[in-house]
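Structural features, examined
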Amino acid sequence: MTDQQQTEVLDQVWEARRRRAGVAAFLLGAGVVLGFFAFWPGLPHVVDWGAVLVAVLVGAVARWAAQGWVGRLARRKP
């Protein structure tokens, strides 16, 4: 296997890790926010569209942060 082929395979592996980390971070971020709005004492125990929108936004920010973190790790690895 040539160096170029090895580099392409490693790039594909890191891209798959980056994608998985992004999906996991989005689901975790959105789930935590929805759980907060659904179960925090004192808040109305109704998840409305505002809570869903905030959960999606927090999930998107978490996804962006996780993908950036994995991307930085990929650039550091040989």
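Residues numbered from 1 in each chain as written. Predicted model: local features only at pLDDT ≥ 70, side-chain atom pairs only at ≥ 80, totals over all residues. Heavy atoms only, no water.

**Re the packing of aromatic side chains**
- Throughout the structure, instances matching the rule amount to one aromatic pair.
- Considering the side-chain rings of F36 and F37, the 5.5 Å spacing of their centres and the 70° angle between planes classify their relative orientation as edge-to-face.
- For F36, a relative accessible area of 38% puts it in the partly exposed group.
- The ring of W14 carries R17 above its face, with NZ or CZ at 4.8 Å from the centroid. (Phe/Tyr/Trp six-rings, centres within 6.5 Å; stacked < 30°, edge-to-face > 60°. Buried < 20%, exposed > 50% of the residue type's maximum accessible area, 1.4 Å probe, protein only. Lys NZ or Arg CZ within 6 Å of the ring centre and 35° of its normal.)

**Notes on the pattern of salt bridges**
- For the structure shown, the criterion picks out one salt bridge.
- In this structure, E15 and R18 form a salt bridge, with 3.4 Å as the shortest nitrogen-oxygen distance. Highlighted residues: E15 and R18, both in helix α1 (residues 3-39), separated by three residues, approximately one helical turn.
- The exposure class assigned to E15 is partly exposed, which follows from its relative accessible area of 34%. (Salt bridge = Lys/Arg side-chain N within 4 Å of Asp/Glu carboxyl O. Helix = DSSP H or I, 4+ residues; strand = E, 2+ residues; numbered from the N terminus.)

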